[in-house]
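Observations on the three-dimensional arrangement
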Amino acid sequence: MAIDRFYQPNLQEPFLTGEEAHHCLHVLRHEVGDRIVLFDGRGNETMNEILTVEKNRVTLKQLNLHHTPRPNYRLTLVQAIPKAKQMDNLLQKATELGVTDIIPIISERTIVQLEEQRAENKREKWQQLIIEAAKQCGQNWLPTLHPLFTVRDYFETHFASDLNFIGSLQPGAMTFKTIFTRYHQDHQKKPNHVCILIGPEGDFTPAEINLALSHGCQPVTLGSIVLKSETAAIFSLSILSYELQNELGCTNEIA
């Protein structure tokens, strides 16, 4: 039977408060003597026994500490925000698939346009969705959710990767396998940091695509069927996560 997991960014504080305490006591109905797991989003988790309960506070006794090794690769998703609740679902799936960085962007064809305050509110909601997904799937490393960028601002300010992909509907786009093979032939190693850009419904504009190409992004085909934006992201992350996990593995270094 799976043991319920709760997010506590400071595991030196053996208690839950706020929403996590409410969920523990009033949704999952935990009581004194029950065992629960806390994780901090940085690879650490603890098994705990509930000692006392109050209305909005759960005091715990830590029984053991376990560290999950950090992957020694980075997998970054740069995602044009899709409409409706598709972004919510995408964040959950990206967390499950082991993405390390999520960078939401606004493109010229993005339907959702967010003013500054609304963007910050969205970001807080998205961060909570990432935490909830990590709780459910047993992921002990939370992906970093970056601030919202425009396409141009992203390319002007953000870090470079070993391999930068952009999902493409254009003729001549290569497969993931072809690009990975060429990288290995050129560098005699696998990439440590891979980034995938996924556009909105209707794709990036020609100007945005040219900007991406000028910054070293390689067009990658996702097959002959035109995929929705969130489907394209999940499809790409599944391939990249599998490739990186199986070829590069993990390191025991605590970061």
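Residues numbered from 1 in each chain as written. Predicted model: local features only at pLDDT ≥ 70, side-chain atom pairs only at ≥ 80, totals over all residues. Heavy atoms only, no water.

A closer look at the sheet that holds strand β2 (residues 15–17)
Taken in spatial order, the five strands line up as β1-β3-β4-β5-β2 in an open sheet, and their pairing is mixed. Each end of this open sheet is capped by a strand with a single partner; those strands are β1 (5–7) and β2. With direction set aside, neighbouring strand axes in the sheet form an average angle of 40°. Sheet topology places strand β3 (residues 35–39) next to strand β4 (residues 44–54); five bridges connect them, and they run antiparallel. Opposite R35, over in β4, you have E49 as the bridge partner. (Pairing = 2+ DSSP bridges. Helix = DSSP H or I, 4+ residues; strand = E, 2+ residues; numbered from the N terminus. Axes fitted to C-alpha atoms, helices over the stretch in contact; angles between N-to-C directions.)

Describing the nonpolar core
Ranked by internal contacts, the top residues of the largest apolar core, which has 35 residues, are L75, L77, F165, F176, V194, I196 and L240. For this core, the secondary-structure elements that each account for two or more residues are β6 (74–80), α2 (86–96), β7 (101–106), α3 (116–137), β10 (163–167), α5 (176–187), β11 (193–198) and α7 (229–248). Excluding anything up to four places from it in sequence, L240 contacts L75, F165, F176, F180, V194 and I196. Grouped together as the second largest cluster of nonpolar side chains are 16 residues, I103, F155, F204 and A212 included. (Core = buried A, V, L, I, M, F, W, Y, C linked by side-chain atoms within 4.5 Å. Buried < 20%, exposed > 50% of the residue type's maximum accessible area, 1.4 Å probe, protein only. Contact = heavy atoms within 4.5 Å.)

Examining the pairing of β6
A large share of β6 lies buried, amounting to six of its seven residues. As defined by bridge partners, β6 adjoins β11 across six bridges and the pair is classed as parallel. When the bridges of β11 are listed, Q79 appears paired with I198. One ladder, built from five bridges, connects β6 with β7; its direction is parallel. In the strand pairing of β7, T76 is matched with D101.

Here we look at the pattern of salt bridges
Throughout the structure, instances matching the rule amount to seven salt bridges. Between K135 and E132 there is a salt bridge, with the nearest N and O atoms lying 3.3 Å from each other. In this pair, K135 and E132 both sit in helix α3, three residues apart, roughly one turn of the helix. Two residues, E243 and K190, come together in a salt bridge whose shortest N-O distance is 2.6 Å. Pair noted here: E243 is in helix α7 and K190 is in the loop between α5 and β11, with a separation of 53 residues, a long-range link. Here the salt bridges do not stand alone but share partners, grouping E20, E132 and K135 into one network. (Salt bridge = Lys/Arg side-chain N within 4 Å of Asp/Glu carboxyl O.)

Let's talk about the side chain of D40
Looking at where D40 falls in the secondary structure, it is placed in the loop between β3 and β4. Judged by its relative accessible area of 4%, D40 falls in the buried class. For D40, the side chain forms a polar contact with the main-chain nitrogen of R42, separated by 2.8 Å. For D40, the side chain forms a polar contact with the side chain of N44, separated by 3.0 Å. Those residues in contact with D40 that sit more than four places away from it in its chain are Y7, Q8, P9 and L11. (Polar contact = N/O pair within 3.5 Å; in protein donor to acceptor, adjacent residues only side chain to side chain.)

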